[in-house]
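# Structural description and commentary
Next come the chains, spelled out residue by residue.
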Amino acid sequence: MITDRPASDDKAARRAVTVFPVLVLVAGAAGLVSPGAFADWTSSVPYLLGTVMFCMGLTMTPLDFRGVAKRPWAVAIGLVAHYVIMPGLGWLIAHLLGLPPQLAAGVILVGCAPSGTASNVVTFLARGDVALSVSVATVSTVLAPLVTPPLTLLLAGAYLPVDAGSMMTDILKTVLLPVLGGLLVRLVAGKLVDRVLGLMPWLSSLAVAAIVAAVVAGSASAIKSAAVSVLIAVVLHNGFGLALGYGVGKATELGRPASRAMAFEVGMQNSGLAASLATAHFSPLAALPAAVFSVWHNISGALVAAWLSHRSRHSRPAPAAAGHALATAEEA
């Protein structure tokens, strides 16, 4: 057992990655069973995503950016791996499975999204390098307005028209500005924010669950015919992402803890953003892969983390920013 982190932190992290996918799964089931009840929620998806990203900003501190300055090479490797492997895998899987245009674009868009913040918690559970995980997730989110739209245009443009400029504006409004707003509030009213910081993951989880309910309700009529192919695509996308991310860490000799962080930073996506963009720029059906990914990558991440933790329970612990990881359990 690792002795340098409180058992309460470990328990809280496990609870977060257990409750979140269950909550999202229940929301998706509700959207499927009673689509009419969530028919008017689609227009609220960008605001719900903004809530998630604002909560993420509230959990951030200047230390996250200092971590980037301390290890720019490792962070750069993580960013390149994330924005090369997952978009490429999305395109390849959509092509090999022969997915229809809406679903293919949705899978690719998931791959082009920034890293999911739940990766920090899963890295913590896996005894990985949480400081590196937080740094990569933070920078990939900040760079998303510049990277996600052109990648989506390049890879998904053959399936559906992509307005990269409009997509960039939407990411700025629903991701970057709320994150910066949350960070500013944290800097100005840090003591007040610290009192409610424990509520942020749960508020974010509810917002992501609402996004999933809206997405599923919007494509409920088509889900039965598309469910199997979407699930296969998501499992392959996430699974190869985790494996290749770990492989990049090993190949670049970053060490075992950092390789574990790389696995989750590559394989886990901000599926809430992908669902929001797919709904706004394509269709609710195109957002279905993101909704499924939101559930699956938390389940697979928790399972892989448990396996890695079991393997290294007698090893020397990796440095871990446990408190920050727990506070950023919201994604997507």
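Residues numbered from 1 in each chain as written. Predicted model: local features only at pLDDT ≥ 70, side-chain atom pairs only at ≥ 80, totals over all residues. Heavy atoms only, no water.

### So, the overall build of the chain
- Counting its secondary structure elements, the chain contains 15 helices and 0 strands.
- Here the chain, with 332 residues, has 57% of them falling under the buried criterion.
- Total accessible area computed for the chain in this model is approximately 13400 Å², and 70% of it derives from carbon and sulfur atoms. (Helix = DSSP H or I, 4+ residues; strand = E, 2+ residues; numbered from the N terminus. Buried < 20%, exposed > 50% of the residue type's maximum accessible area, 1.4 Å probe, protein only. Areas by Shrake-Rupley, 256 points an atom, 1.4 Å probe, with all protein chains shown as cover.)

### A few points about the nonpolar core
- In terms of nonpolar packing, the biggest core is built from 66 residues, with Met53, Leu99, Leu109, Ile171, Ile211 and Phe282 touching the most fellow members.
- If we skip the residues at most four places from it in the chain, Ile211 touches Val45, Leu48, Leu49 and Ala275.
- If you look at the next biggest cluster of nonpolar residues, it comprises 12 residues, including Val122, Leu125, Val134 and Ala305. (Core = buried A, V, L, I, M, F, W, Y, C linked by side-chain atoms within 4.5 Å. Contact = heavy atoms within 4.5 Å.)

### Thoughts on the environment of Met60
- Within the secondary structure, Met60 sits in the loop between helix H2 (45-59) and helix H3 (62-70).
- By relative accessible area, Met60 is classed as buried at 2%.
- Each C-alpha atom, one on Met60 and one on Leu180, is 9.4 Å from the other, the two residues being 120 residues apart in sequence.

### Section: helix H7 (residues 130-156)
- With 27 residues, H7 extends only 32 Å from end C-alpha to end C-alpha; this falls clearly short of the ideal 39 Å at 1.5 Å per step.
- Along its length, H7 shows its largest kink, about 70°, at Ala144, and proline Pro145 lies within four residues downstream of that point.
- Measuring from the side-chain oxygen of the N-cap residue of H7 to the backbone nitrogen of Ala131 gives 3.4 Å; that N-cap residue is Asp129. (Expected span 1.5 Å × (residues − 1). Bend = angle between axes of the 7 residues up to and from the residue. Polar contact = N/O pair within 3.5 Å; in protein donor to acceptor, adjacent residues only side chain to side chain.)

### Re helix H11 (residues 220-251)
- Taking 1.5 Å per residue as the helical rise, H11 with its 32 residues ought to reach 46 Å, and the 43 Å between its terminal C-alpha atoms agrees with that figure.
- At Ala226, H11 shows its maximal kink, close to 65°.
- Regarding H11, the residues found buried are Ala220, Ile223, Ala226, Val230, Ala233, Val234, His237, Asn238, Gly241, Leu242, Gly245 and Gly249.
- Directly after H11, the chain includes Glu253, whose backbone phi takes a positive value near 55°.

### Some details on the side chain of Thr174
- As for its placement among the helices and strands, Thr174 is situated in helix H8 (residues 164-188).
- A residue is classified by how much of its surface remains accessible, and Thr174, at 10% relative accessible area, is buried.
- Non-local contacts of Thr174, meaning those with residues more than four positions away in its chain, are made with Pro46, Leu49, Gly50, Met53 and Leu273.

### Structural notes on the packing of aromatic side chains
- With the rule as written, the count across this model stands at 1 aromatic pair.
- Centroid distance Phe38 to Trp41: 4.7 Å. Interplanar angle 85°. Geometry classified as edge-to-face.
- Residue Phe38 is classed as buried on the basis of its relative accessible area, which comes to 13%. (Phe/Tyr/Trp six-rings, centres within 6.5 Å; stacked < 30°, edge-to-face > 60°.)

### Comments concerning a nonpolar patch on the surface
- On the surface, a cluster of nonpolar side chains totalling about 500 Å² of accessible area is made up of Leu97, Val228, Ile232, Leu236, Phe240 and Leu244.
- In terms of residue count, the dominant contributor to the nonpolar patch is H11 (5 residues).
- In this fold, Val228 is placed in helix H11. (Patch = residues over 30% accessible without salt bridge, like charges linked within 9 Å, V, L, I, M, F, W, Y side chains within 5 Å. Salt bridge = Lys/Arg side-chain N within 4 Å of Asp/Glu carboxyl O.)

### Concerning the pattern of salt bridges
- Counted under the stated rule, the structure contains 2 salt bridges.
- A salt bridge links Arg71 to Asp129; the shortest N-O distance between them is 2.7 Å. Here the residue Arg71 occupies a position in the loop between H3 and helix H4 (72-97), and Asp129 occupies one in the loop between helix H6 (118-125) and H7, the gap between them amounting to 58 residues.
- For Asp129, a relative accessible area of 8% gives the class buried.
- For the salt bridge of Asp194 with Arg186, the shortest nitrogen-to-oxygen distance reads 3.3 Å.
- Asp194 sits in the partly exposed class, given a relative accessible area of 45%.

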